[in-house]
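# A look at the structure
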Amino acid sequence: MTKRTPIIAGNWKMHNTLAESAALIEALKTAGNKNNAEVIVAPSFTSLAKVAELAKGSHIQVACQDVHWEDKGAFTSAVSPVQAKDAGATHAILGHSERRSVFGDTDEILNKKVAAALRHGLTIIFCVGETLQEREANETIAVINGQLENGLKGYSAEDLKGMVIAYEPVWAIGTGKTATPEQAQEVHAAIRQFLADKYGKEYADATRILYGGSVKDSNVDEIMAQPDVDGALVGGQALLADKFARIINFN
Ligand code: 13P
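Summarised in this report is the structure supplied together with it. Everything numeric here is computed off the predicted structure, so don't read it as measured data. (Residues numbered from 1 in each chain as written. Predicted model: local features only at pLDDT ≥ 70, side-chain atom pairs only at ≥ 80, totals over all residues. Heavy atoms only, no water.)

## Regarding the packing of aromatic side chains
- Per the counting criterion, the structure on display carries 3 aromatic pairs.
- Sitting over the ring of Trp69, Lys112 keeps its end group 4.1 Å from the ring centre. (Phe/Tyr/Trp six-rings, centres within 6.5 Å; stacked < 30°, edge-to-face > 60°. Lys NZ or Arg CZ within 6 Å of the ring centre and 35° of its normal.)

Right, dumping it as structure tokens:
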């Protein structure tokens with residue numbers, strides 16, 4: 001079985017001024033990393049270049065929270081993968097549930113964004129997750145398999161090498177309600193099975209699957225102890241240097 005390097009990623013969403021972003025990245029640079037995790041932060045676009053500049057030479061990598069599917073053009077307010085990369089992003093979060101539900105990113109749109117990120121060598125953090133209604137209707141695995149199938153359509157294991165999956169149950173995001181470690185493990189195992197069936201066991205074994213949804217300093221240890229949980233995608237507590245530092249240095 002492949003040993004997978006853990007990933008601890010912070011999604012800053014629509015938070016932080018330039019000064020706040022700078023202070024946070026500076027604090028994280030000295031926060032330690034006892035598990036030798038890959039540490040990633042995803043600032044908003046206004047702070048991306050600044051944070052990337054300040055993170056240079058440290059162990060922290062920088063992601064953008066989305067990209068447009070075109071490289072340039074008349075798309076007022078959008079940011080292209082070329083621009084995100086130019087600003088210093090190495091990773092791109094795609095398909096976050098807030099993008100899906102608030103901004104209407106469909107599987108088809110996400111499939112075009114996947115193409116855009118791949119074209120420019122941005123490592124994709126592809127988010128999937130079910131709503132509470134879908135979970136209660138026992139549709140969780142079917143919904144997630146559909147998101148993976150349609151969002152990643154047309155790409156081979158070779159194309160998607162290094163991609164990261166983030167399982168974020170919609171009902172657990174920003175609600176303080178975390179999936180139990182068993183619930184997370186069950187879905188992570190199903191995602192790994194999907195990857196094995198589609199791209200082969202070697203690909204599935206090597207792929208990091210992150211859990212996101214109310215990850216806190218107080219629950220990260222038990223979540224990270226699950227065999228198929230390879231990391232965390234953190235929202236609220238990623239904005240607090242001391243909390244995020246504890247999450248990076250999970251036990
Ligand atoms: P919270 O950690 O605030 O629940 O957010 C999770 C998330 O959406 C990370 O992308």
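## A closer look at the site of the ligand
- Neighbouring the ligand are 13 residues, the closest being Lys13, His96, Gly174, Ser214 and Gly236.
- Contact between the ligand and Lys13: an oxygen atom at 2.8 Å from a side-chain N or O atom of the residue.
- At 2.6 Å, a backbone N or O of Gly174 approaches an oxygen atom of the ligand.
- Summarising the interface, the protein chains cover 95% of the accessible area of the ligand, which totals 310 Å² for the free molecule.
- Among the residues making up the shell around the ligand, the classes are represented as 4 nonpolar, 7 polar and 2 charged. (Near = heavy atom within 4 Å. Polar contact = N/O pair within 3.5 Å; in protein donor to acceptor, adjacent residues only side chain to side chain. Areas by Shrake-Rupley, 256 points an atom, 1.4 Å probe, with all protein chains shown as cover. Nonpolar A, V, L, I, M, F, W, Y, C, P; charged D, E, K, R; others polar.)

## Digging into the pairing of strand β6 (residues 164–167)
- The alternating pattern of β6 places Val164 and Ala166 and Ile165 and Tyr167 on opposite faces, both of which are buried.
- With 4 bridges joining them, strand β5 (residues 123–128) and β6 adopt parallel strand pairing. Bridge pairing links Ile125 to Val164 in β6.
- Where β6 and strand β7 (residues 209–212) come together, 3 bridges link them in parallel fashion. Note on β7: the bridge partner recorded for Ile165 is Ile209. (Buried < 20%, exposed > 50% of the residue type's maximum accessible area, 1.4 Å probe, protein only. Helix = DSSP H or I, 4+ residues; strand = E, 2+ residues; numbered from the N terminus. Pairing = 2+ DSSP bridges.)

## Structural notes on the pairing of β7
- Residues Ile209 and Tyr211 line one face of β7 and the alternating positions Leu210 and Gly212 line the opposite face, and both faces are buried.
- Two elements, β7 and strand β8 (residues 231–234), share 3 bridges in a ladder whose sense is parallel. Bridge assignment links Leu210 to a residue of β8, and that residue is Gly231.

## What about the pattern of salt bridges?
- What the rule picks out here adds up to 18 salt bridges.
- In this structure, Glu26 engages Lys29 in a salt bridge whose closest nitrogen and oxygen atoms are separated by 3.2 Å. Taken together, the residues span about one helical turn, with Glu26 and Lys29 both in helix α1 (residues 18–29) at a distance of 3 residues.
- Close ionic contact of Glu130 with Arg135 constitutes a salt bridge, the shortest N to O distance being 2.8 Å. (Salt bridge = Lys/Arg side-chain N within 4 Å of Asp/Glu carboxyl O.)

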